[in-house]
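Residues per chain are reported as follows:
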Amino acid sequence: MPTTIAQQNQNIPAGRTGGFRRPSATRPRAHHGLTRVALDTGWWARRGVGRLWPCRLRGPASVLCAGALTLAGHAFDWQPELGAKSAQLAVSLSGKPGFIQLKPAATGLTFTNRLAQSRYLTNQIHLNGSGVAAGDVDNDGWCDLYFCGLDGPNVLYRNRGSWRFEDVTASAGVTCTDLDATGAVFADLDGDGDLDLVVNSVGAGTHRFLNNGKGRFTPLSSNSPLNPGKGGTTSALADIDGDGDLDLYVANYRTTTIRDMPNTRMRVNEVNGKLVVLRVNDRPVTEPDLIGRFTLDYSRKIVEHGEVDVLYRNEGNGTFIPIPFTGGSFLDEAGQPLLTPPYDWGLTVAFRDINGDGLPDIYVCNDFSAPDRIWLNIGNGRFQAIPRLALRTTPQFSMGVDFADLNRDGHDEIFVADMLSRSHEKRHVQIGDIMPVFLKIGEIEDRPQYSRNTLFFNRGDGTYAEIGRFSGVEASEWSWSPVFLDVDLDGFEDLLITTGHELEMMHADIAKRAESMKAGKKLSFQEQLALRLMFPRLNSPNAAFRNRGDLTFEDVSVAWGFDTRGVSQAMVLADLDNDGDLDVVMNNLNEVAGVYRNDGPAPRVAVRLKGLPPNTQGIGAKIHVLGGPVPQSQEVICGGRYLS
């Protein structure tokens with residue numbers, strides 16, 4: 001059965017993204033560079049374009065947005081329509097909902113993100129892994145893949161079609177041999193219509209590469225990267241101030257941690273009635289890498305904090321200017337400018353229009369006791385913290401986030417992944433680092449953190465109800481990247497999650513045995529770190545949950561071929577075979593990358609927006625599909641997946 005890909009092809013002023021529109025004198029409503037796009041499936045059917053929208057309006061179908069994914073199109077027979085172009089997709093009718101994992105020998109995708117034991121024993125931050133980016137870098141109509149590595153170079157694979165990929169890293173100029181590369185994202189940084197590249201690293205900054213349009217990249221200011229000396233993780237891009245170009249947010253974690261320094265000495269004193277850390281290993285805490293790093297909690301226990309994230313404003317011509325958290329651009333819940341920047345353990349950052357006002361808001365997932373930061377865009381590139389009562393709880397170890405209108409009521413829900421096991425036995429032993437929660441009597445504006453996945457149901461009034469346990473998605477093992485995707489194309493978005501860890505370091509029984517060994521014998525620095533080898537590898541299965549359409553989910557990991565065990569961390573969606581549905585690619589730690597072909601046979605409409613410079617990919621636009629069995633929507637995003 002042929003299904004549809006449609007592409008906008010109208011002239012939209014710079015600073016606004018292109019989009020589809022129904023045949024009406026009323027243009028899409030734009031807000032600060034964002035366009036709301038309505039595609040009326042009923043109109044397409046009434047126009048007699050059945051070959052382009054073959055699904056019956058009373059039956060299921062799904063819309064796939066080519067900005068949240070990557071969709072190529074050189075082989076399509078484009079036909080002109082009103083304000084757009086459209087073409088048929090060749091879809092096999094022999095498949096079934098779910099995925100087929102493809103072998104490296106068949107695809108040529110042999111990348112493995114290797115990390116030596118000697119490195120993660122002395123710096124456990126590397127265990128957070130590395131990312132993968134997807135995009136058509138040479139404009140040949142096929143989606144290419146870029147993998148980040150730790151103990152080896154990054155690798156760019158050119159998609160040759162028919163599920164065959166070729167390593168073109170050296171000729172493309174994006175090897176990044178000297179980087180401990182973490183996150184990566186393709187984005188049109190200079191507005192020239194091709195995909196440039198942003199690569200984060202542990203300690204060596206954020207590097208940008210400009211594309212010449214043919215898949216050859218040139219480093220931009222290689223001697224002075226952005227975010228120098230920081231532990232950059234995920235990047236996300238959006239037009240925060242409505243000037244038409246893409247601004248950049250880099251989440252930061254840390255380059256080293258006291259957890260890898262067992263003999264650290266600290267000097268603590270009382271200042272103004274409060275205990276504070278004054279010196280660390282005889283170094284004053286006023287030194288750059290120690291500012292804001294250590295405090296004491298209520299039990300006088302040392303607490304280590306992460307690094308300050310960075311938001312960059314794109315000034316054009318490859319110039320990105322950092323926006324300080326304390327300069328008046330970030331306000332607290334009461335509307336007052338921040339006095340100190342947040343020192344957090346940032347793992348994922350995502351731009352999304354959370355409150356539906358047409359402006360890109362920010363959600364930052366933070367590890368450990370650092371609270372998640374939800375910043376609402378109040379215009380002109382300024383942000384205010386979401387009201388305290390909007391969300392009543394968040395995860396303790398927030399790893400990744402995604403958004404979707406799960407019940408098709410027009411409001412996006414928010415899912416954040418944590419580390420709770422689905423095994424009753426493991427829940428009793430995987431309790432290391434989990435902090436007890438103390439709720440003060442009469443305190444209603446607190447936001448306690450619990451170690452489990454959270455699903456925030458959008459009430460439509462700016463507040464959310466946490467329904468993870470009701471929905472059946474509160475546990476998925478040690479999780480990293482959650483992604484909403486309508487796998488079975490029934491109009492409701494399902495949930496995919498990557499899981500696993502090189503060391504099961506949350507195992508309290510093993511940790512207790514290690515502490516006993518330390519107490520029984522004086523161990524050297526190296527011997528203490530080597531005790532981590534007592535923790536086994538946590539080869540947990542990835543998870544797939546099917547959306548039943550009533551805010552509850554069922555585990556279909558096995559049925560959909562998504563239960564592979566290992567250490568899968570970063571994940572991207574991309575249409576790698578031009579059939580209009582989204583395939584899945586993972587960057588795994590110490591094992592070959594995972595490539596999953598989506599074999600769904602159901603009807604679909606794939607949408608690709610084409611905007612005028614500088615926002616040539618239509619980032620931030622929102623597409624609504626009306627007239628089908630359920631209304632659907634997708635927002636075009638850039639980055640914002642875990643490390644991807």
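Residues numbered from 1 in each chain as written. Predicted model: local features only at pLDDT ≥ 70, side-chain atom pairs only at ≥ 80, totals over all residues. Heavy atoms only, no water.

## Things to note about the overall build of the chain
A tally of regular secondary structure across the chain gives 8 helices and 47 strands. For the chain, buried positions account for 59% of its 644 residues. Once local pairs closer than 6 in sequence are excluded, the contacts in the chain between residues at least 24 apart make up 63%. Of the roughly 25000 Å² that the chain leaves accessible, carbon and sulfur atoms contribute 51%. (Helix = DSSP H or I, 4+ residues; strand = E, 2+ residues; numbered from the N terminus. Buried < 20%, exposed > 50% of the residue type's maximum accessible area, 1.4 Å probe, protein only. Contact = heavy atoms within 4.5 Å. Areas by Shrake-Rupley, 256 points an atom, 1.4 Å probe, with all protein chains shown as cover.)

## Overview of the layout of surface pockets
The volume enclosed by the largest pocket comes to roughly 1600 Å³. The wall of the largest pocket is formed by 44 residues, among which Val303, Ser369, Ala370, Met435 and Gln449 lie closest to the centre. Of the residues that constitute the lining of the largest pocket, the class distribution is 22 nonpolar, 7 polar and 15 charged. (1 Å grid on protein atoms, 1.4 Å probe; cavity = no way out; pocket = protein on both sides within 12 Å on 5 of 7 lines; lining within 4 Å. Points joined across faces, edges and corners; volume = space filled by probe spheres on them. Nonpolar A, V, L, I, M, F, W, Y, C, P; charged D, E, K, R; others polar.)

## Thoughts on the pairing of strand S29 (residues 382-385)
Here S29 shows a buried face lined by Phe383 and Ala385 and an unburied face lined by Arg382 and Gln384. Bridging between strand S25 (residues 330-331) and S29 involves 2 bridges; their strand directions are parallel. When the bridges of S29 are listed, Leu331 appears paired with Gln384. Here strand S28 (residues 373-379) runs beside S29; their pairing, made up of 4 bridges, is antiparallel. (Pairing = 2+ DSSP bridges.)

## A word on the pattern of salt bridges
Side chains bearing opposite charge may pair, as long as their charged atoms lie close to each other. Applying the stated rule across the entire model yields 27 salt bridges. Linking Arg265 and Asp282 is a salt bridge whose minimum nitrogen-to-oxygen distance equals 3.2 Å. Remark: Asp282 occurs in the loop between strand S19 (274-280) and strand S20 (283-284) and Arg265 occurs in the loop between strand S17 (247-252) and strand S18 (266-271); sequence separation between them is 17 residues. Arg265 gets classed as partly exposed once you look at its relative accessible area, which sits at 48%. Counted as one network, the salt bridges with shared partners bring together Asp488, Asp490, Arg546 and Glu554. (Salt bridge = Lys/Arg side-chain N within 4 Å of Asp/Glu carboxyl O.)

## Some words on the packing of aromatic side chains
According to the stated counting rule, one finds 16 aromatic pairs in the structure shown. Summarising the aromatic geometry, the rings of Phe147 and Tyr157 are spaced 5.9 Å apart at their centres and angled 85° between planes, so their arrangement reads as edge-to-face. Taken as a pair, Phe147 in strand S9 (residues 144-147) and Tyr157 in strand S10 (residues 155-161) lie far apart in primary sequence, 10 residues in all. Across the pair, exposure class does not vary: Phe147 and Tyr157 are buried alike. An aromatic cluster is built from Tyr253, Trp345, Phe368 and Phe397, whose rings are joined through pairwise contacts. (Phe/Tyr/Trp six-rings, centres within 6.5 Å; stacked < 30°, edge-to-face > 60°.)

## With respect to the side chain of Ser421
For Ser421, the position within the fold is in the loop between strand S32 (413-416) and helix H5 (424-429). Non-local contacts of Ser421, meaning those with residues more than four positions away in its chain, are made with Lys426, Arg427, Gln430, Ala475 and Glu477.

## Describing the nonpolar core
With 34 residues, the main nonpolar core has Leu145, Phe147 and Leu576 as its most contacted residues. For this core, the secondary structure elements donating two or more residues are strand S8 (132-135), S9, S10 and strand S42 (568-574). For this core, the leading source of residues is S42, giving 3 residues. With sequence-adjacent residues up to four places away left out, Leu145 is seen in contact with Leu109, Ala133, Ala134, Val155, Leu156, Tyr157, Phe165, Leu576 and Val585. Within the second largest apolar cluster, 20 residues are counted, among which are Val198, Leu226, Val310 and Val607. (Core = buried A, V, L, I, M, F, W, Y, C linked by side-chain atoms within 4.5 Å.)

## A look at the sheet that holds strand S43 (residues 583-588)
As a general point, the strands of a sheet are linked pairwise by backbone hydrogen bonds and lie either parallel or antiparallel. Across the sheet, which stays open at both edges, the 4 strands sit in the order S7-S44-S43-S42 with antiparallel pairing between neighbours. Both outer strands of the open sheet, strand S7 (99-101) and S42, are each paired with one neighbouring strand and no more. Pairs of neighbouring strands in the sheet enclose a mean axial angle of 25°, with direction left out of account. Looking at chain direction, S7 and strand S44 (residues 594-598) are connected through 3 bridges and run antiparallel. Following the sheet pairing, Gln101 is matched in S44 by Tyr596. (Axes fitted to C-alpha atoms, helices over the stretch in contact; angles between N-to-C directions.)

## As for the sheet that holds S19
Here we have 3 strands laid out as an open sheet, ordered S18-S19-S20, and antiparallel in their pairing. Each end of this open sheet is capped by a strand with a single partner; those strands are S18 and S20. Sheet topology places S19 next to S20; 2 bridges connect them, and they run antiparallel. Each bridged residue has a counterpart across the sheet, and for Arg279 the counterpart in S20 is Pro284.

## Re the pairing of strand S26 (residues 346-352)
Burial within S26 is extensive, with 7 of its 7 residues counted as buried. Here S26 pairs with strand S27 (residues 361-366) via 6 bridges, running antiparallel. The residue bridging Thr348 from the neighbouring strand is Cys365, located in S27.

## What about the confidence of the model for the chain?
Overall, the predicted model of the chain reaches an average pLDDT of 88, with 88% of residues at or above 70. Low confidence marks residues 9-35, where pLDDT is under 50. Its contacts with residues over four positions away, or in another chain, come to 76 contacts. The low-confidence segment residues 66-74, where pLDDT is below 50, has 38 contacts with residues more than four positions distant or belonging to other chains. (pLDDT = per-residue confidence, 0-100.)

## A word on the environment of Arg641
Locating Arg641 in the fold gives a position in the segment after strand S47 (632-635). Residue Arg641 is classed as buried on the basis of its relative accessible area, which comes to 9%. Counting along the chain gives 239 residues from Arg641 to Asp402, while the straight-line C-alpha distance between them is 7.7 Å. A polar atom in the side chain of Arg641 sits 2.8 Å from the side chain of Asp402. (Polar contact = N/O pair within 3.5 Å; in protein donor to acceptor, adjacent residues only side chain to side chain.)

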